[in-house]
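Understanding the architecture of this molecule
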Amino acid sequence: MLNFKFKEFLALILILILAACEPALALSNSSDAFMSLPFGHPYARTQKRMERSGAKVATPRPESLLMTGYFEGFQTEFAFAFYKKKLLKSKAAYLKSTGSASQDKNFYELLKRGFERQYGRGKEMPVANSLVNGRIMIKSTWTPDKYTTITLLYNSEATKRFPGNSVKDRPIHIIYHYNKWDK
């Protein structure tokens, strides 16, 4: 049943993107692989699943995995953390700016609406930017169950025509964290 919800959510996001984007973005299926990865998934299977979707390994480590690819047409850095070097406990996607502030903001709003349709109204608030002192970001949070937290961050100041490769230069962050094993 959980997989059905993710597929329904992804279909909704895809429809919203196609309807809202001025020129349609070149879509990639790395977003589908990323969104449907279950917590507890083994390291090797996580890597293979993302590679089959077109993502490439940037930095393999025993406890984490960094990959590059595309999330609905946005260049993205994917980060995965594993419990005891084996089981997926968190996943994050850091989307690179398109160079257009309105397009970045529009995509953030589409993602937020998709999460709200899936999980209900989230808690949205301005927060201090942990990557750049003296700046703020918009943070929306959902807790679909007692162990899972989904965070969507938007940093309007990271929209740049020629963005860098640092995470602080990425306007949209999607972070899933599973804390069952943290106790």
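Here, the structure is the one placed above.
An account of the accompanying structure is given in this report. Nothing here was measured: the structure is a model prediction, and the numbers come from that model.

Spatially, 8 strands are ordered β1-β2-β3-β4-β8-β7-β6-β5 in an open sheet, and the strand pairing comes out antiparallel. Single-partner strands in this sheet number two, and they are β1 (56–60) and β5 (123–128). Across this sheet, the average inter-strand angle for adjacent strands is 20°, counted without regard to direction. Alignment of strand β3 (residues 74–83) against strand β4 (residues 87–95), held across 8 bridges, turns out to be antiparallel. By the bridge assignment for β4, E77 is matched with Y94. Across the sheet, helix α3 (residues 43–52) lies against β1, β2 (64–71), β3 and β4, angled at about 20° from β2, the strand it touches most. Across the sheet, helix α4 (residues 101–119) touches β2, β3, β4, β5, β6 (136–142), β7 (148–154) and β8 (172–178), and the angle it forms with β7 is around 160°.

Mapping K91 onto the fold places it in strand β4. The side chain of K91 is buried and forms no salt bridge, while D32, the nearest opposite charge, is found at 9.7 Å. In terms of polar contacts, K91 uses its side chain to reach the backbone carbonyl oxygen of F34, at 2.8 Å. If sequence neighbours within four positions are ignored, K91 has contacts with F34, M35, S36, L37, A79, F80, I174, I175 and Y176.

Definitions and limits used
Residues numbered from 1 in each chain as written. Predicted model: local features only at pLDDT ≥ 70, side-chain atom pairs only at ≥ 80, totals over all residues. Heavy atoms only, no water. Pairing = 2+ DSSP bridges. Helix = DSSP H or I, 4+ residues; strand = E, 2+ residues; numbered from the N terminus. Axes fitted to C-alpha atoms, helices over the stretch in contact; angles between N-to-C directions. Contact = heavy atoms within 4.5 Å. Buried < 20%, exposed > 50% of the residue type's maximum accessible area, 1.4 Å probe, protein only. Lys, Arg positive; Asp, Glu negative; His and termini not counted. Salt bridge = Lys/Arg side-chain N within 4 Å of Asp/Glu carboxyl O. Polar contact = N/O pair within 3.5 Å; in protein donor to acceptor, adjacent residues only side chain to side chain.

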